[in-house]
Amino acid sequence: MIYRLKYDPAAEAVHEAMPAAASEALTLALADACHDPIAATEPYGEDDGVMRMIVTGQVFAVLLIGQTFKTITVLQVTYLG
């Protein structure tokens, strides 16, 4: 089952404002996470399977994985570029 992606408004604004290459890398990583959120992400703090992160060459994103309703909420996006 594919997870549904949701965004915190501030995180979405950062994603939309990033340069195209960095934005595309994050978009592709998030797409992978929607298919298998544990395999496509890394633990954020304690490995509880709930708080996860995506790290690309220029972007760090914090995610909340909702197992019950199959959602991924992007809580924070930081552009490192």
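**As for a nonpolar patch on the surface**
So, point 1. Together, V50, L64 and L75 line one region of the surface with nonpolar side chains, adding up to about 190 Å² of accessible area.
So, point 2. Judged by its relative accessible area of 35%, L75 falls in the partly exposed class.

**A few points about the packing of aromatic side chains**
So, point 1. This model, assessed by the stated rule, comprises one aromatic pair.
So, point 2. Their ring planes at 45° and their centres at 6.2 Å tell us that Y44 and F60 sit as a pair that is tilted. Taken as a pair, Y44 in the loop between β2 (42–43) and β3 (51–55) and F60 in strand β4 (residues 59–66) lie far apart in primary sequence, 16 residues in all.

What counts and what doesn't
- Residues numbered from 1 in each chain as written.
- Predicted model: local features only at pLDDT ≥ 70, side-chain atom pairs only at ≥ 80, totals over all residues.
- Heavy atoms only, no water.
- Patch = residues over 30% accessible without salt bridge, like charges linked within 9 Å, V, L, I, M, F, W, Y side chains within 5 Å.
- Areas by Shrake-Rupley, 256 points an atom, 1.4 Å probe, with all protein chains shown as cover.
- Salt bridge = Lys/Arg side-chain N within 4 Å of Asp/Glu carboxyl O.
- Buried < 20%, exposed > 50% of the residue type's maximum accessible area, 1.4 Å probe, protein only.
- Phe/Tyr/Trp six-rings, centres within 6.5 Å; stacked < 30°, edge-to-face > 60°.
- Helix = DSSP H or I, 4+ residues; strand = E, 2+ residues; numbered from the N terminus.

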